[in-house]
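# Analysis of the macromolecular model
Spelled out, the chains give:
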Protein chains: 2
Amino acid sequence: MKKVNERLSITSDDSPKKVYIEIVRQLRAMIEKDGLKAGDKIPSERELSERLNAGRSSVREALRALELLGLIETRRGEGTYIRDFRGNQLVQLLGTFILQDKKAIADVIETKHFVERDCLEIALMKNGEKEFSSLKKWVAEHNVDDDRFFGKIAMLADNHLIYRIWQILKDYYHSLNTHEFQPTKEQYLELADALAQGNENLVEAAYRKLRNLSEV
Amino acid sequence: MKKVNERLSITSDDSPKKVYIEIVRQLRAMIEKDGLKAGDKIPSERELSERLNAGRSSVREALRALELLGLIETRRGEGTYIRDFRGNQLVQLLGTFILQDKKAIADVIETKHFVERDCLEIALMKNGEKEFSSLKKWVAEHNVDDDRFFGKIAMLADNHLIYRIWQILKDYYHSLNTHEFQPTKEQYLELADALAQGNENLVEAAYRKLRNLSEV
DNA sequence: ATCTCAAGGTGGTCAGACCACGGTTTCTTT
DNA sequence: AAAGAAACCGTGGTCTGACCACCTTGAGAT
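Every chain is numbered independently, its residues counted from 1 as its sequence is written. Whichever chain is written first becomes A and whichever ligand is written first becomes 1, with later ones labelled in order. Only residues with pLDDT of 70 or above have their local features reported here, since the model is predicted, and side-chain atom pairs are shown and tallied only from 80 upward, although totals for entire chains, interfaces and linings are computed over all residues. Calculation of side-chain values draws on the structure's entire complement of heavy atoms; hydrogens and water are dropped beforehand.

This part takes up the protein's contact with DNA strand D. In this text, near means that some heavy atom of the residue lies within 4 Å of the molecule or strand in question. By nearness alone, 26 residues border DNA strand D, and Val19(A), Gly55(A), Ser58(A), Arg56(B) and Arg60(B) come closest of all. Atoms of DNA strand D within 4 Å of the protein belong to the sugar or the phosphate in 64% of instances, the rest to bases. Under this definition, polar contacts are N or O atom pairs within 3.5 Å; protein pairs additionally need one hydrogen-donor-capable and one acceptor-capable atom, and for neighbouring residues in sequence, both atoms have to be side-chain atoms. In the environment of DNA strand D, a base nitrogen lies 3.5 Å from a nitrogen or oxygen atom belonging to the side chain of Arg56(A). The contact in question runs from a base nitrogen of DNA strand D to an N or O atom on the side chain of Arg46(B), over 2.9 Å. Secondary structure elements are taken from DSSP: a helix is a run of H or I of four residues or more, a strand is a run of E of two residues or more, and numbering for both begins at the N terminus. Every element with two or more residues in the surface near DNA strand D is listed here: helix H3 (56-68) of chain A together with helix H2 (45-51), helix H3 (56-68), strand E2 (72-75) and strand E3 (79-82) of chain B. In this classification, Asp, Glu, Lys and Arg are treated as charged, Ala, Val, Leu, Ile, Met, Phe, Trp, Tyr, Cys and Pro as nonpolar, and every other residue, Gly included, as polar. Looking at the surface near DNA strand D residue by residue, the classes come out as two nonpolar, nine polar and 15 charged.

So, in structure tokens, the structure goes:
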């Protein structure tokens, strides 16, 4: 005789969330609380079902979703484990799945451009001639590509969040096959130089040039 | 008497994929083949279960996963629909999982500001006096708050991806208890007016004022 | 000490049963 | 005839119980 009330589905403060969504939250809380790390095992489906007072199917819906996202890994006969999620395959899945129409592609490109410009601006704001001189030197001495260069810029911007966003956008972008020409080393240098000079307009211009943008 | 063989689970040419994964693929193929677009309805769970020769629970596992990814949307009593948010929710989830270090607050605020500014700029770029006059009118006639106003701006920017990103940042922001003063209606009006005038510098200034930003 | 194999735990899947909700149809009531 | 109310049906939401396949473990046989 279980209490039929006070199940997860009823917890609604206001929003009648689906059980599996609530389970995802609980799972997240549980992971945080217990300090579970990549590779650690999480409770079995049946145990979760009991502890969270939900049906096993609902637990599975949550777990399967997290699995498709690449956040956990399940091995039959063994159990479910937290995964070292970084980057990974969901991007690819999304790419093949949804990024098919041109509007979406355009959105990705546009957003990426703006975020990159933001990173440049933030980096400019938070750094001085010294750091950018190092950057120039680094560009001159290494093989730079887009990823590496803007990776460094994002670092200089010292904003973890926007860095993550940029990475995701970058991954999206790479999953499109619309790779255009790579900027030349000279263009990177010019951009780094503009940063070193601390001139925002120069930076903007150099970035546009590097991205072959014409519009304002 | 159904044939127990040749179910989806047995189709393994080489890899013993899970049924729900196979269903995701089938679904993707189905969408592509039938040329389904955002907003279109996909077959019911029961029908899919039959057509794909799989249990309804497996179908649901696949659908729930896609839902968490933001690729589809389900409405009880109605059906399941293809969604046009690309990018999206995955970012949210990743963020929720990754952004657990508390000191990221400043990053959230900073990033939100920049993204909002981007939205303003994109909106400015893609719209004319007409649209912004409507916006002004709307602001004047309704109770505006931050969410609603920038929601509209993001819409005008016509970029679902950056809109999603903004929503996420907004949610983060709200989850911090650092709620500062709300802008006044006049400030929103001023911003809308600057947009209507098509003057980027004015827009920037109005936004800074609204956000009480001093720098730069 | 080593090997064998049965037992138990775990994920994988399915079928069936309800419920809640939205839309449609049909039947009242006015 | 028009407007409102009730029944009906399809849909997602959830739970339960039943198997299956696989892995780990440990008791017993060697």
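Past the structure itself, the notes keep going.
Once that is clear, we can look at helix H9 (residues 185-197) of chain B. Residue and element names in this part refer to chain B. Take the number of residues in a helix, subtract one, and multiply by 1.5 Å to get its expected span. Compared with an ideal rise of 1.5 Å per residue, which puts 13 residues at 18 Å, H9 spans 18 Å between its outermost C-alpha atoms and is within 8% of the ideal. Buried means the residue's accessible area, taken with a 1.4 Å probe over protein chains only, is under 20% of the maximum for its type, while exposed means over 50%, and partly exposed covers the values in between. Those residues of H9 that sit buried are Gln187, Tyr188, Leu191, Ala192, Ala194, Leu195 and Ala196. At the exit of H9 stands glycine 198, carrying a positive phi of roughly 70°.

Now for the protein's contact with DNA strand C. Taken together, 26 residues lie around DNA strand C, and Arg56(A), Arg60(A), Val19(B), Gly55(B) and Ser58(B) are the ones closest in. In DNA strand C, atoms within 4 Å of the protein come from the sugar-phosphate backbone in 63% of cases. Lys18(B) is positioned with one of its side-chain polar atoms (N or O) 2.9 Å from a phosphate oxygen of DNA strand C. Residue assignment for the surface near DNA strand C shows that the elements contributing at least two residues are helix H2 (45-51), H3, strand E2 (72-75) and strand E3 (79-82) of chain A together with H3 of chain B.

Time to look at the nonpolar core. In these notes, a set of buried Ala, Val, Leu, Ile, Met, Phe, Trp, Tyr and Cys residues joined through side-chain atoms within 4.5 Å is what counts as a nonpolar core. Membership of the largest hydrophobic core comes to 74 residues, with the highest contact counts inside it found for Leu135(A), Ile153(A), Leu135(B) and Ile153(B). With ten residues, helix H5 (residues 102-126) of chain A is the largest single contributor of residues to this core. Two residues form a contact once any of their heavy atoms are found within 4.5 Å. In this view, Leu135(A) contacts Phe149(A), Lys152(A), Ile153(A), Leu156(A), Ala192(A) and Leu195(A); residues no more than four positions away in its chain are not counted. Counting residues in hydrophobic clusters, the runner-up holds 40 residues, among them Leu52(A), Ala54(A), Ile72(A) and Ala62(B).

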